[in-house]
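What the coordinates show
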Amino acid sequence: MEQIINIFVKAVFTENMVFAFFLGMCSYLAVSKTVKTASGLGIAVVFVLVITVPVNYLLYKYILSPGALAWLRPEWAATDLSFLSFIVFIAVIAAIVQLVEMVVEKAAPGLYNNLGIFLPLIAVNCAIMGGSLFMQERAYRNVWEVISYSLGSGIGWFLAIVAIAAIREKLGYSNIPKPLRGLGITFIITGLMGIAFMSFMGIQL
Amino acid sequence: MNKRIFLDPLFKNNPVSVLVLGICSALAVTVKMEPALVMALSVTLVTGFSGLIMSLFRNTVPNRIRIIVQLIVVATLVIVVDQILKAFAYDVSKQLSVFVGLIITNCIIMGRIEAFALGNKPIPAFMDGIGNGLGYGMILVIVSFFRELLGSGTLLGYRIVPQSWYMGNGGFYENNGLMILPPMALIIVGLIIWIFNAGKEWSK
């Protein structure tokens, strides 16, 4: 249990997707002009991460990782399909994003109107793919740890994009040197926020 | 014509500083120059060949499934790059860890396929891909140059700042530890964009 909470806190703060690994930067920069759209995209990212990362974990554990096929037939214990993981992960992500889009459209039209435009964007959001790849690299022990990790990194991404959107709304009123306006200052502010987030380093529960 | 397609993305339409594409996956690899160079090369190859392949397929792939086809083509190329790196440059591939896989979701690749390769002949599409990959790699190499020089006092692993200058050896110099932290990459990119834009204003 402690381990699960620890993974969650680490994923939100010390190993924040945006500030520590720069994942999902494209949509982070493009959609962070107002808080409303930013939180819409943020929620969509949390949603998709929590579904795709555990699914990819199960696929990796029971099909792709070295020797994983032994449960099907003992003589397949020597096969190693892990080189296929990139293509499987991205296919799963693209398929699940499509599925989520259809389900949300039918089941919750209100939510679809808010999230809908962001869902196709998410298939190529590096944060989603990054979540699956980090899951593969870090070798979590069971599916609960993976769920806690994916929820944590989703919420970390949500926090980051809402925070930068709020700052950018305020920035509209400040007097920035002209060549630095827009993109340049956003990068520098993200860097400064990243330095602030580094102070969470070393927190253990 | 081809020359312009090739050179434009380096300066005038640099994918990172002007079009804001593809910063996603790669800034985390800019602490040292060597992984940054390898990353730049890998991305250039993938953008070039994915442009070439998708341009060859542009009339045969139905519009509705083109995103999936693009993802599969790009993912296959990335797997090839990953296997080559694992075979010939194992240390660097360990340093790059997940970021090789993240080339798949690099927005430059999908962006250039959508914007250029699907509407043009294979050779220009290939040139466009290579040019954009290099434009992106250039930013990576510039960032890693400053981070390695100021953060570790070396370039490509060779010592630039002499040992005798360091505090520990009775000198006056100390490495800037801040440069090694991930957020500094963002700040340096911000400064590069500032300089690019200021240069544009100035030359008007």
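Here the structure is a predicted model, which is why all the values come from computation and not from measurement.

**Let's talk about the overall build of chain B**
Within chain B, the secondary structure is distributed over seven helices and two strands. Reading chain B from its N end, one meets helices and strands in the order α-α-α-α-α-α-β-β-α. Taking all 204 residues of chain B together, 50% fall into the buried category. Restricting the contact set of chain B to residue pairs at least 6 apart, pairs at least 24 apart contribute 74%. A gap of 10 Å separates the mean positions of the 15 positive and 9 negative side-chain charges of chain B.

**Regarding the interface of chain B and chain A**
Listed per partner, the contact involves 42 residues of chain B and 38 residues of chain A. Taken together, the links from chain B to chain A amount to zero salt bridges. Taken together, the connections running from chain B to chain A amount to one residue pair in polar contact (both at pLDDT 80 or more). Looking at the side of chain B that touches chain A, the elements that each hand over two or more residues are α3 (66-88), α5 (107-115) and α7 (183-203) of chain B. Among the elements that make up the side of chain B that touches chain A, the one with the highest residue count is α7 of chain B (12 residues). By residue class, the composition of the side of chain B that touches chain A is 30 nonpolar, 10 polar and two charged.

**Digging into the nonpolar core**
Core analysis: the largest hydrophobic core is formed by 104 residues, its most contacted members being Leu-23, Tyr-28, Ile-122 and Trp-157 of chain A together with Phe-99 and Ile-104 of chain B. Residues within four places of Trp-157 of chain A in sequence aside, it is in contact with Met-17, Val-18, Leu-23, Gly-24, Ser-27, Tyr-28, Leu-41, Gly-42, Val-45, Asn-125 and Ala-127 of chain A.

**Examining the environment of Arg-64 of chain B**
Within the secondary structure, Arg-64 of chain B sits in the loop between α2 (33-56) and α3. In the structure, Arg-64 of chain B is positioned 103 residues away from Met-167 of chain B in sequence and 63 Å away in space, judged by C-alpha atoms.

**Describing the pattern of salt bridges**
Residue and element names in this part refer to chain B. The final tally for this structure, using the stated rule, is four salt bridges over all chains. In this structure, Asp-82 and Lys-86 form a salt bridge, with 3.3 Å as the shortest nitrogen-oxygen distance. On the criterion of helical spacing, the pair formed by Asp-82 and Lys-86 is a turn pair, its members being four residues apart in helix α3. Using a relative accessible area of 9% as the deciding quantity, one classes Asp-82 as buried. The class of Lys-86 is partly exposed, set by a relative accessible area of 40%.

**Points about the confidence of the model for chain B**
Residues and elements named next belong to chain B. Per-residue pLDDT for chain B averages 81, and the proportion of residues at 70 or more is 90%. Mean pLDDT per element in chain B: helix α1 (residues 2-7) is the minimum at 70, and α2 is the maximum at 89. Across the assembled chains, the prediction reports ipTM 0.78 with pTM 0.83.

**So, helix α8 (residues 126-138) of chain A**
The α-helix advances 3.6 residues per turn, and as a result positions three or four apart in sequence lie on the same side. Residue and element names in this part refer to chain A. Compared with an ideal rise of 1.5 Å per residue, which puts 13 residues at 18 Å, α8 spans 17 Å between its outermost C-alpha atoms and is within 8% of the ideal. Burial analysis of α8 places 10 of its 13 residues in the buried class, which makes it a mostly covered element. Among all positions in α8, only Cys-126, Ala-127, Ile-128, Met-129, Gly-130, Gly-131, Ser-132, Leu-133, Phe-134 and Met-135 are buried. Downstream of α8 by a residue or two, Ala-139 has a phi angle that is positive, lying close to 55 degrees.

Rules and cut-offs
Residues numbered from 1 in each chain as written. Chains lettered and ligands numbered in written order. Predicted model: local features only at pLDDT ≥ 70, side-chain atom pairs only at ≥ 80, totals over all residues. Heavy atoms only, no water. Helix = DSSP H or I, 4+ residues; strand = E, 2+ residues; numbered from the N terminus. Buried < 20%, exposed > 50% of the residue type's maximum accessible area, 1.4 Å probe, protein only. Contact = heavy atoms within 4.5 Å. Lys, Arg positive; Asp, Glu negative; His and termini not counted. Charge placed at Lys NZ, Arg CZ, Asp CG, Glu CD. Salt bridge = Lys/Arg side-chain N within 4 Å of Asp/Glu carboxyl O. Polar contact = N/O pair within 3.5 Å; in protein donor to acceptor, adjacent residues only side chain to side chain. Nonpolar A, V, L, I, M, F, W, Y, C, P; charged D, E, K, R; others polar. Core = buried A, V, L, I, M, F, W, Y, C linked by side-chain atoms within 4.5 Å. pLDDT = per-residue confidence, 0-100. Expected span 1.5 Å × (residues − 1).

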